[in-house]
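Listed below, chain by chain, are the residues.
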Amino acid sequence: MTTKEYIERHGHYFEAEARVSMREGFNKAFVTHKTMDFNTEPTEAEATEAIEKDFPHLKVKSIDWIRDMSHKANELNNYYSK
C-alpha cells in the first residue's frame, strides 16, 4: 500500500516531539524527550496539553517539531502485516 492509499483508508498520522523535564518528586527515571501521536495536526499548545495530561510526571519545556508521519505509519503497517 502506498502512503497516499494509507491516508485515504486510515487518515493522517501526526507526531509531536517535546523537550521535557521531570516534575518535582518524580525521580525514578530521567526523561528528556517525549514523542506523542495524533490523528489531526495539533497546535503546539494542544500537543503540550496532551503530553502533560497523559504523562503528569513530565513538564513540557518546548515542542521540537510536529510532523505528518503518515509515511512512517504506512511503512510499519506494511511491515507488520506480512
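Refer to the structure presented above.
Described in the following lines is the structure provided in the data block.

### Looking at the overall build of the chain
- Secondary structure assignment for the chain yields 3 helices and 3 strands.
- The C-alpha atoms of the chain give 15 Å as radius of gyration, which overshoots the globular expectation for 82 residues (12 Å, by more than 25%).
- Scored against the burial criterion, the 82 residues of the chain give a buried share of 28%.
- In the chain, the proportion of contacts linking residues at least 24 apart, taken out of those at least 6 apart, comes to 63%.
- Accessible surface for the chain amounts to roughly 5900 Å². Of this, 48% is attributable to carbon and sulfur atoms.
- Seen as two clouds, the 12 positive and the 15 negative side-chain charges of the chain have centres 5 Å apart.

### Regarding the packing of aromatic side chains
- This model, assessed by the stated rule, comprises 1 aromatic pair.
- Ring plane angle 90 degrees and centroid distance 4.9 Å describe the contact between Tyr79 and Tyr80, whose orientation is recorded as edge-to-face.
- Relative accessible area serves as the criterion here: at 63%, Tyr80 is assigned to the exposed category.
- When the ring centre of Trp65 is taken as origin, the NZ or CZ atom of Arg67, which lies over that ring, is 4.2 Å away.

### Considering the packing of helix H1 (residues 3-10) against helix H3 (residues 70-80)
- Across the interface, H1 lies against H3 with an axial gap of 9 Å and an inter-helix angle of 95 degrees. Relative to H3, H1 is oriented roughly perpendicular. Facing Thr3, Tyr6, Ile7 and His10 of H1, the residues of H3 in contact are Ser70, His71, Ala73, Asn74 and Asn77.
- When its residues are assigned to classes, the contact of H1 with H3 shows 3 nonpolar, 6 polar and no charged.

### Quick word on helix H2 (residues 44-54)
- When H2 is considered as a whole, its buried residues turn out to be Ala47, Ala50 and Ile51. The buried residues of H2 occupy one face: seen down the axis, they fall within an arc of 95 degrees. Across H2 from its buried face, at more than 90 degrees, point the exposed residues Ala45, Glu49 and Lys53.

### Side note on the nonpolar core
- Counting residues in each nonpolar core, the largest one holds 13 residues, and the members touching the most others are Ala18, Phe38 and Val60.
- Of all the secondary structure elements, the ones that give two or more residues to this core are strand S1 (14-22), strand S2 (33-38), H2 and strand S3 (58-68).
- Examining the composition of this core, we find that 5 residues originate from one element, S1, more than from any other.
- With residues up to four places along the chain from it excluded, the contact list for Val60 reads Ala18, Arg19, Val20, Thr48, Ile51 and Glu52.

Parameters and conventions
- Residues numbered from 1 in each chain as written.
- Predicted model: local features only at pLDDT ≥ 70, side-chain atom pairs only at ≥ 80, totals over all residues.
- Heavy atoms only, no water.
- Helix = DSSP H or I, 4+ residues; strand = E, 2+ residues; numbered from the N terminus.
- Rg over C-alpha atoms; globule rule 2.2 N^0.38 Å.
- Buried < 20%, exposed > 50% of the residue type's maximum accessible area, 1.4 Å probe, protein only.
- Contact = heavy atoms within 4.5 Å.
- Areas by Shrake-Rupley, 256 points an atom, 1.4 Å probe, with all protein chains shown as cover.
- Lys, Arg positive; Asp, Glu negative; His and termini not counted.
- Charge placed at Lys NZ, Arg CZ, Asp CG, Glu CD.
- Phe/Tyr/Trp six-rings, centres within 6.5 Å; stacked < 30°, edge-to-face > 60°.
- Lys NZ or Arg CZ within 6 Å of the ring centre and 35° of its normal.
- Axes fitted to C-alpha atoms, helices over the stretch in contact; angles between N-to-C directions.
- Parallel < 35°, antiparallel > 145°, perpendicular 65-115°, else oblique.
- Nonpolar A, V, L, I, M, F, W, Y, C, P; charged D, E, K, R; others polar.
- Arc of directions from axis to C-beta.
- Core = buried A, V, L, I, M, F, W, Y, C linked by side-chain atoms within 4.5 Å.

As far as function goes, none of this settles anything; it's purely spatial.
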